[in-house]
2 protein chains.
Amino acid sequence: MAKKYVYNFREGNAQMRKLLGGKGANLAEMTKIGLPVPMGFTITTEACLNYYEEGEKISEDILSQIFQALEELEKEMGKKLGDPKDPLLVSVRSGAAISMPGMMDTILNLGLNDESVKGLAEKTGNERFAYDSYRRFIQMFGNVVMEVPHEKFEEIISEVKKKKNATYDTELDAEDWKEVIEGYKKLIREETGRDFPQDPKEQLLMAVEAVFKSWNNQRAKVYRRINKIPDDLGTAVNVQAMVFGNKGNDSGTGVAFTRNPSTGEKEVYGEFLMNAQGEDVVAGIRTPQDIKQLKEVMPEVYEQFINVCNLLEKHYRDMQDIEFTIENGKLYMLQTRSGKRTAQAAVKVAVDMVKEGLITKEEAILRVPAGQVETLLHRRIDPNAKVQPIAKGLPASPGAACGRVVFDPDEAEALGNNGEKIILVRTETTPDDIHGIVAAQGVLTSRGGMTSHAAVVARGMGKPCVSGCESIRIDYEKQEFKVGQITVKKGDIISIDGSTGEVMLGQVPLIDPELSEEFNQILAWADEIRKLKVRANADTPSDAQKALEFGAEGIGLCRTEHMFMAQDRLPVVQQMIMAETKEEREEALSKILPMQQKDFEGIFQAMEGLPVTVRLLDPPLHEFLPNEEELIVEIMELKAKGPSKELEEKQEILKKVRALSEMNPMLGLRGCRLGLLYPEIYTMQVRAILTAACNLAKKGVKVLPEIEIPLVGHEAELRILREAVEKTAEDVFEEEGIKVHYLIGTMIELPRACLTADKIANYADFFSFGTNDLTQTTFGFSRDDAEGKILPHYIENKILSDSPFIVLDRDGVGLLMKMAVEKGRSVKPDLLIGICGEHGGEPSSVEFCHMIGLDFVSCSPFRVPIARLAAAQAQLTNPREDNN
Amino acid sequence: MAKKYVYNFREGNAQMRKLLGGKGANLAEMTKIGLPVPMGFTITTEACLNYYEEGEKISEDILSQIFQALEELEKEMGKKLGDPKDPLLVSVRSGAAISMPGMMDTILNLGLNDESVKGLAEKTGNERFAYDSYRRFIQMFGNVVMEVPHEKFEEIISEVKKKKNATYDTELDAEDWKEVIEGYKKLIREETGRDFPQDPKEQLLMAVEAVFKSWNNQRAKVYRRINKIPDDLGTAVNVQAMVFGNKGNDSGTGVAFTRNPSTGEKEVYGEFLMNAQGEDVVAGIRTPQDIKQLKEVMPEVYEQFINVCNLLEKHYRDMQDIEFTIENGKLYMLQTRSGKRTAQAAVKVAVDMVKEGLITKEEAILRVPAGQVETLLHRRIDPNAKVQPIAKGLPASPGAACGRVVFDPDEAEALGNNGEKIILVRTETTPDDIHGIVAAQGVLTSRGGMTSHAAVVARGMGKPCVSGCESIRIDYEKQEFKVGQITVKKGDIISIDGSTGEVMLGQVPLIDPELSEEFNQILAWADEIRKLKVRANADTPSDAQKALEFGAEGIGLCRTEHMFMAQDRLPVVQQMIMAETKEEREEALSKILPMQQKDFEGIFQAMEGLPVTVRLLDPPLHEFLPNEEELIVEIMELKAKGPSKELEEKQEILKKVRALSEMNPMLGLRGCRLGLLYPEIYTMQVRAILTAACNLAKKGVKVLPEIEIPLVGHEAELRILREAVEKTAEDVFEEEGIKVHYLIGTMIELPRACLTADKIANYADFFSFGTNDLTQTTFGFSRDDAEGKILPHYIENKILSDSPFIVLDRDGVGLLMKMAVEKGRSVKPDLLIGICGEHGGEPSSVEFCHMIGLDFVSCSPFRVPIARLAAAQAQLTNPREDNN
């Protein structure tokens, strides 16, 4: 038997969305459950694909199936397409399997021509309606199918109006529309070299073909690329008997959601226009009325409509987005689909529906897109505000902030302490600028990537940051920056959106994050289900506190470099780096020790009873020294003034900076290599950690320190450093007269660590994947460098679908992780394994971590709720049986 | 039954070397085949291990076995240890399974005491001999066992000599020795607080224990670390009846090789001393005679000795290193072992022995250490010359060179063209310096690693280079460099050894490389056996020629960056880089095209009929621009002079340099990323390659170009670039009216490429492992940075046994390679796979490549013979069955 390419609405159902498209499947479903749906049929997505396979030609087989379906429709409606007496009119609409709203084309009133328009006028007794309908059809068809620009049609109407001194379309009568129609037909002839087709079947086929073609128009292609929709699905075409909302004051049309898609409130939400067709609502020529006013206008229809809404929600078990038309007091349903909603609404609708008994907790969890809820967790720009970005950089740390532009960190600190809201604007930041960042609402830099100093520090502090905003040109001397023609001076107010990378002039309205009751409810359900524990990356007691509030079950990464960078410590740290001998270095370190010990006491106290993974010093030492280039310039200037002590000092520092400078610092003297070459640094840190732990333990505070060695690539590195940690621990415990249980583990962040994880596991109590570095080395991409030019090019050209620094690369990095888990557990079946790279808070990456059997993910405090939710979703879609 | 810890020489054989040590096993073997070996026994290596297991104590069981063996020996010799009438004397010598010459201790004449010395005097009728022997024993025992410094004994002899006005030991008589002995005994008492032991059994046990202890003395530990000998083997102890070479003029002692260990000539080689004990030969107090003179001195003994040599060579089927003693005209063999030899000798001995029918070709191949033959392939310092290095850098490009110091590349070129031999000395080199390198004999830099510009260029040209020689401080202004107190001025002569990294003052004698007839013979045999093909890395026709001479079967890596760097091309290349638009870039590229086309024609012509892999441009573009720091200084100087066109230009260049500068250039915009972002560069290169190929094909030259895309990490990169190459190829073939067969493949040099090799293989005709980059990313080591501080520390502290940049890391990098081979061949069973990193010429790495089934290795031309030999050895030890 030949393949079935055309389905009557009565033949389909909601499950057939791949074949019939979303719209067609739902029209069929509504027909099936007895809702008032104008009759019609759907030409399948397979017909669309066939059209392209045949070289953009509708095959004979499909043609004949279309005409047969048309014939049935005519029979059922008791009207014929193009009938000069009482013509059947149809709409032709696209409908893909995955909704692409507004991306493809629609034609209404098809079937009218110079003859049938007269029959319509006669039959309805409304000549103006008939000719208005006809001109609307010609206009849509002329534009969509015959590709005559929209404005040219509008010009013709304008001329007629001018002639009649009319302001509104409603002032035009049937004769005027006839004049417009003649103008339209002439226009089409001139623009396309052919006449507007009078044969209704020709009209139909041309319209169907136009819908098929719209699958590959530019808009649709871009939409699919952005939304990651495959290109090979095709669109279905729905042909449906017209009903008219513009048949007078007992007619109308509208769109509505069964709940508020912005807040999730359980109230019908939408708008309608009396005496209008659907496109009038969209076009915004007249202001539509709130759907609730329909109660006054047509109480019975309203009641019927509310009943339909309830029925549809119960039937689909989800909030619906509905289109309807009222023709002479009778309600018709034209479309239903799951409604798009904000994160806030998604959460509320899901929780409410559980309470209403409509869905299960598990379904509720799956209804909230984990990636979307991040918007609920930061101050953000009021979604109702209209904003105009003047520049765009990298979205380096989420959230939005407004404040006065300040270029100098000292000034930022002074103003900030006075309660001023400021945005610190720098070409890039260094450890010297930390106090300025602390005082600022947000940070904007013209250079640097997502892991630049500014970005990392801002994320750590939960402050918004836009980095690498290359279109702004900063002039420190003039204390201003330029972007295009715009000059922004010190003290001017700007707003930045660290979630999008956008920079705006002036104060933009912001709203606070809301962790609503419903959100907490969803998270509580998620916590019952998920297998992955969720920890936070936090470096300070206040971060730790924030992490706890968001539900973190420990700290998975406490970076210690910030403990070296604080303004008051940097001179001592530099003294330590400049030291020529081990003794000098130890002397400087002994000054840092009590400071760090206090830091750890604060964090351990905040996290009482929960594990805290402390990573020993990781970054290259030169990060704590001044910038080489600036030093050279300073030295040249000092040289010009003759010999001086300052010159000598600067030259000495430059020598050290040069000695420490590296071709590829990411792959140089950092991580455990520092600990091996300068053992006294790690010894000091371990001493600070464990002394802090002992002090608290004496006070009865339960402390669970996990000491983490970074950048291990060979088991011997960990073996030696583990011995050293154990030695220091023994010393501390003896001095303190108390023992504290602690773990020693390692970051797994180099390919070689994954490949030899079985050997490394012999010396590790735990593994924690550092997927930022692991991604860099696996791809051979320096994140700082690749995010500027390479990755944007790669994503635009579909070489990669996502930045691997945002979404974990499963094929490469993921495969290494899987190997590491298997090899590690082959030696120690109970090895504790987690992840603390930025991927730990990204839903797809969390899912992967769940699938390969990790014990925990760790992410920035603000992303903890996302991870909790994503972990539960992962368990629901890929159940794991362990008892983690 | 109790374990046997002690073996009479009659009980062992050569196969028991692990248990009896090399010396003991060979003494047993010689005993077995009837050679005159003084009787004795061996205490096994297991006894040594047991000694350490028991906490440095000889167990009762072992003690009793020793005494039992001693009793047997006494019975056989008819003498008793310590017998006051006719005492048995023994030697006690260490002997590990793997020879550690001179690393452990020996004691002779054990068994003498105040009583037995009299018996010895009486029995031999030689009082002087007896007391001389006694004092020798006390001296050795006191030094080795009781740890009294050697010099203190010498002082006592000196005093006695002074008193007697004697110059030589031989002038002392029995009475003098008695005085010396009293002095010795007093010395020992004073130094150790105990008496020299008179009980011979106590002497024996103390000596055995001292030998056991010597296994873990500092010298031995260092030797084992350097020579990669495990620490847990232990040493055996040989106790052997003494024979005396110092019993008069019919006695003597000597050492000899059965062939010349330096040249391999078939002639007995060595030296002897009449009336002396072994230590006298070693101590060098008297000048020994050439072994051939023994023919005159004692013709019969000589004949017997030559017979023994021949017998031992036939028996062991290898050149032997022999120790012997003549006691009263009777020859005794004290040791035999395979003789250490130079690479040259190894080759000659192996080939000669095949001719003599002693060994097979296969054995001959295995007899030549592949790593050692590199010394035969470059000009090198005469091994007989004494040289005194003043500084040591990295051995960046092998071979030695002498010449006048020149700091300026232009001056180097001028002098070089005048036929002067010069060494170019720079802090580091840039593409601007190439003409200077070309003109120089060798290059010395104070900065930069093994892959610095100087190193790579020098290796490519086969010129010696010492890089990163940080102890020299160059002063360009004064045209001199300092190292410690030494100042070297322009024009002074220095020598550099690029194989060791050493720098010497003055002219050091050099010798030319010799590819002897025998070496070619070995290589020819190797070629018959090996499965791996051997190609060369060569960038120019002259390199290609050299590669062919060394037996390369194609070019595995032709880097094209040097085609951009040549002095006359750099301005055009810079123009290309500075281009703001694609059109400007294409214009510049069109000027480079004909030059590169000519380069390729030269190489293809040289390699007629053999495959040539051409890698498209790989390094980051900023490598072709001037150094940023120098530019800043220039600009500041120009600024001081006021505005100028030059200033503007420099500022423009600085802008571009900055725009292109990267945090981690190794992981930035390079390799195929360049080809994707600037497609016109690769298009030009492919055009140049294939036009060259077509031109030669028209002349009937067979050309096999293989176009290689570097740094692929994702299959989409290769898919897109493959399409582009194919498109250009079609264009060229159409223009030229001829088609040439060519391949398209990729470097596999990123972990992700290995992990997804099955996907990548879909678009690749061949893989070639770039193990330099793969090692960098797998370890997270930047070679330039790691080789300075990190790797030396790691190797010294046994974290790594070798630099992974020299010896392929099998556990990490190797595992990735293995995965890539398996995944690649799972998709394309016949996928051509090779390696072109520097590991391709290192024997252990070649072996690994053989084991995982590669088709070819490619290395620098000079290492081709090493790779040929190593590949054959790999096949002999790990046979592969394919028909490659």
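Residues numbered from 1 in each chain as written. Chains lettered and ligands numbered in written order. Predicted model: local features only at pLDDT ≥ 70, side-chain atom pairs only at ≥ 80, totals over all residues. Heavy atoms only, no water.

**Student:** Would you mind showing me how to read the interface of chain A and chain B here?
**Tutor:** It is common to give the size of an interface as the accessible area that goes away when the parts come together. The partner chain B presents 52 residues to the 51 residues of chain A that form the contact. Approximately 4,700 Å² of surface area, both sides summed, lies buried where chain A meets chain B, with 62% of it carried by carbon and sulfur atoms. If you look at where chain A meets chain B, you find four salt bridges. Here aspartate 811 of chain B ties to lysine 759 of chain A by a salt bridge, and the two come within 2.5 Å at their closest N and O atoms. Inspection of the chain A/chain B interface yields 24 residue pairs in polar contact (both at pLDDT 80 or more). (Contact = heavy atoms within 4.5 Å. Buried area = accessible area lost by both parts, 1.4 Å probe. Salt bridge = Lys/Arg side-chain N within 4 Å of Asp/Glu carboxyl O. Polar contact = N/O pair within 3.5 Å; in protein donor to acceptor, adjacent residues only side chain to side chain.)

**Student:** Sorry, what's going on with the relation of the copies chain A and chain B here?
**Tutor:** Between the two copies of the chain lies a relationship made up of a rotation around an axis and a movement along it. Rotating chain A by 179° about the axis while translating it 0.2 Å along that axis superimposes it on chain B, leaving an RMSD of 0.3 Å. What the rotation and shift describe, once combined, is the action of a two-fold rotation axis. A shared binding surface is used by both copies, with 100% of the interface residues of chain A retained as interface residues in chain B. (Least-squares fit on C-alpha atoms with pLDDT ≥ 70 in both.)

**Student:** Looking at this structure, how should I read the nonpolar core?
**Tutor:** Soluble globular proteins tend to bury their nonpolar side chains together. Of all hydrophobic cores here, the largest spans 290 residues; its most connected members are Phe604 and Phe769 of chain A together with Phe604 and Phe769 of chain B. Every residue in contact with phenylalanine 769 of chain A, bar those within four places of it in the chain, is listed here: Ile748, Cys754, Leu774, Met817, Ala820, Val821, Ile833, Gly834, Ile835, Cys836, Gly837 and Leu854 of chain A. (Core = buried A, V, L, I, M, F, W, Y, C linked by side-chain atoms within 4.5 Å. Buried < 20%, exposed > 50% of the residue type's maximum accessible area, 1.4 Å probe, protein only.)

**Student:** In this structure, what is going on with the sheet that holds strand E20 (residues 473-475) of chain B? I would like to understand it.
**Tutor:** Think of a sheet as strands paired side by side through backbone hydrogen bonds, with each pair either parallel or antiparallel. Residue and element names in this part refer to chain B. Reading across the sheet, the three strands line up as E20-E21-E22 and stay open at both edges, with antiparallel pairing between neighbours. Each end of this open sheet is capped by a strand with a single partner; those strands are E20 and strand E22 (486-489). Across the sheet, the axes of successive neighbouring strands diverge by a mean angle of 20°, strand direction being ignored. Inspection of the sheet shows strand E21 (residues 480-483) paired to E22 by four bridges, in the antiparallel sense. (Pairing = 2+ DSSP bridges. Helix = DSSP H or I, 4+ residues; strand = E, 2+ residues; numbered from the N terminus. Axes fitted to C-alpha atoms, helices over the stretch in contact; angles between N-to-C directions.)

**Student:** For this particular structure, what's the right way to read helix H15 (residues 409-417) of chain A?
**Tutor:** One full turn of an α-helix is made of 3.6 residues, so residues set three or four places apart face in the same direction. Residue and element names in this part refer to chain A. Listed as buried for H15 are Pro409, Ala412 and Gly416. End-on view of H15: buried residues confined to an arc of 50°, all on one side of the axis. Next to the buried residues of H15 lie strand E16 (400-406), strand E17 (422-426) and helix H16 (434-439). Put simply, aspartate 408 is the residue that caps the front of H15, since its side-chain oxygen is 3.1 Å from the backbone nitrogen of aspartate 410. A positive phi of about 85° marks glycine 419, the residue just after H15. (Arc of directions from axis to C-beta.)

**Student:** How should the sheet that holds strand E21 (residues 480-483) of chain A be read in this particular structure?
**Tutor:** Residue and element names in this part refer to chain A. The strand order across the open sheet formed by three strands is E20-E21-E22, and the pairing between neighbours is antiparallel. At either margin of the open sheet sits one strand with a lone partner, and together these are strand E20 (473-475) and strand E22 (486-489). Ignoring which end each strand starts from, the neighbouring axes of this sheet average 20° apart.

**Student:** Is there a simple way to think about the UniProt feature "active site" (unreviewed entry) in chain A in this case?
**Tutor:** Residues and elements named next belong to chain A. UniProt tags His453 and Cys836 as "active site" (unreviewed entry). Among the structural elements, histidine 453 can be located in helix H17 (residues 453-461). According to the relative accessible area criterion, histidine 453 is buried, its value standing at 19%. You can see cysteine 836 is positioned in the loop between strand E32 (832-835) and helix H33 (843-851). Look at cysteine 836 and you get buried, because its relative accessible area is 5%. (UniProt positions renumbered as here; feature names shortened; annotations may be inferred.)

**Student:** Sorry if this is basic, but what is going on with the packing of aromatic side chains here?
**Tutor:** The geometry of an aromatic ring pair is captured by the separation of the ring centres together with the interplanar angle, meaning the angle of the planes. Tallying each qualifying case throughout the model produces 36 aromatic pairs over all chains. Ring plane angle 70° and centroid distance 6.0 Å describe the contact between phenylalanine 781 of chain A and tyrosine 794 of chain A, whose orientation is recorded as edge-to-face. Taken together, the residues phenylalanine 781 of chain A in the loop between helix H30 (771-779) and helix H31 (783-796) and tyrosine 794 of chain A in helix H31 connect sequence positions 13 residues apart. Ring pairs connect the aromatic residues Tyr134, Phe137, Phe141 and Phe196 of chain A, which therefore count as one cluster. Over the ring of tyrosine 7 of chain B we find lysine 4 of chain B; its NZ or CZ atom is 4.8 Å from the centre of that ring. (Phe/Tyr/Trp six-rings, centres within 6.5 Å; stacked < 30°, edge-to-face > 60°. Lys NZ or Arg CZ within 6 Å of the ring centre and 35° of its normal.)

**Student:** Honestly, the pairing of E21 of chain A in this entry has me stumped. Any pointers?
**Tutor:** Looking along a regular strand, one sees the side chains alternate between the two faces of the sheet. All names here are of chain A. Looking at chain direction, E20 and E21 are connected through three bridges and run antiparallel. What sits directly across from isoleucine 474, in E21, is phenylalanine 481. Hairpin geometry of E20 and E21 is characterised by an intervening segment of four residues between the two adjacent antiparallel strands and by a positive phi of about 55° at glutamine 479. The antiparallel pairing of E21 with E22 creates a hairpin that spans two residues between the two strands, and glycine 484 there sits at a positive phi of about 60°.

**Student:** I keep staring at a negative patch on the surface and nothing clicks. Help me out?
**Tutor:** Residue and element names in this part refer to chain A. Taken together, Glu580, Glu583, Glu584, Glu586 and Glu587 make up a surface patch of like negative charges. Relative to the elements of secondary structure, glutamate 584 occurs in helix H22 (residues 582-606). Residue class for glutamate 584 comes out partly exposed when judged on its relative accessible area of 40%. (Patch = residues over 30% accessible without salt bridge, like charges linked within 9 Å, V, L, I, M, F, W, Y side chains within 5 Å. Areas by Shrake-Rupley, 256 points an atom, 1.4 Å probe, with all protein chains shown as cover. Lys, Arg positive; Asp, Glu negative; His and termini not counted. Charge placed at Lys NZ, Arg CZ, Asp CG, Glu CD.)

**Student:** For this particular structure, what's the right way to read the UniProt feature "domain: Pyruvate phosphate dikinase AMP/ATP-binding" (unreviewed entry) in chain A?
**Tutor:** Per the UniProt entry, the sites bearing "domain: Pyruvate phosphate dikinase AMP/ATP-binding" (unreviewed entry) are residues 57-295 and 303-356 of chain A in this numbering. Structurally, residues 303-356 of chain A is divided into 50% helix and 31% strand, and its ends, taken at the C-alpha atoms, are 21 Å apart.

**Student:** What am I meant to see in the packing of helix H4 (residues 116-124) of chain A against helix H5 (residues 127-144) of chain A here?
**Tutor:** Packed helix pairs are characterised by how far apart their axes lie and by the angle those axes make with each other. Residue and element names in this part refer to chain A. It is at 7 Å that the axes of H4 and H5 come closest, and there the two elements cross at 145°. Classified by chirality, the crossing of H5 by H4 is right-handed. Within the contact between the two elements, H4 uses Val117, Lys118, Leu120, Ala121 and Thr124 and H5 uses Glu127, Phe129, Ala130, Tyr131, Ser133 and Tyr134. Looking at side-chain class alone, the contact of H4 with H5 contains seven nonpolar, two polar and two charged residues. (Left-handed = near helix turned anticlockwise from the far one by under 90°. Nonpolar A, V, L, I, M, F, W, Y, C, P; charged D, E, K, R; others polar.)

**Student:** Is there a simple way to explain the domain arrangement of chain A in this structure?
**Tutor:** Domain assignment breaks chain A into domain 1 (73-241), domain 2 (252-338), domain 3 (379-511), domain 4 (530-620 + 662-877) and domain 5 (622-661). Between domain 1 of chain A and domain 5 of chain A, the C-alpha centre-to-centre distance is 74 Å. (Domains from an automatic or database assignment.)

**Student:** Sorry if this is basic, but what is going on with unusual backbone geometry here?
**Tutor:** For residues besides glycine, phi is generally negative; the peptide bonds are generally trans as well. Residues and elements named next belong to chain B. We note that asparagine 109 has phi near 65°; this positive angle belongs to a residue other than glycine. A positive phi angle, near 50°, is found at asparagine 275, a position not held by glycine. Tracing the backbone through its elements, the reader meets asparagine 275 in the loop between strand E9 (269-274) and helix H10 (278-283). Given a relative accessible area of 29%, asparagine 275 falls into the partly exposed group.

**Student:** Explain the environment of serine 782 of chain B to me, please; I cannot follow it from the model alone.
**Tutor:** For serine 782 of chain B, the position within the fold is in the loop between helix H30 (771-779) and helix H31 (783-796). A residue is classified by how much of its surface remains accessible, and serine 782 of chain B, at 1% relative accessible area, is buried. For the pair serine 782 of chain B and leucine 204 of chain B, spaced 578 residues apart in sequence, the C-alpha to C-alpha distance is 56 Å. Non-local contacts of serine 782 of chain B, meaning those with residues more than four positions away in its chain, are made with Asn664 and Leu667 of chain A together with Gln776 of chain B.

**Student:** Even after reading the chapter, I still don't get helix H23 (residues 628-640) of chain A, so can you show me in this structure?
**Tutor:** Residues and elements named next belong to chain A. In a regular helix each residue adds 1.5 Å, so 13 residues correspond to 18 Å; H23 covers 19 Å between its end C-alpha atoms and thus fits that length. Among the residues making up H23, those that are buried are Leu631, Ile632, Ile635 and Leu638. Along the long axis of H23, the arc covered by the buried residues comes to 130°, so they all point the same way. Residues of H23 that are exposed and angled more than 90 degrees away from the buried face: Glu630 and Ala640. (Expected span 1.5 Å × (residues − 1).)

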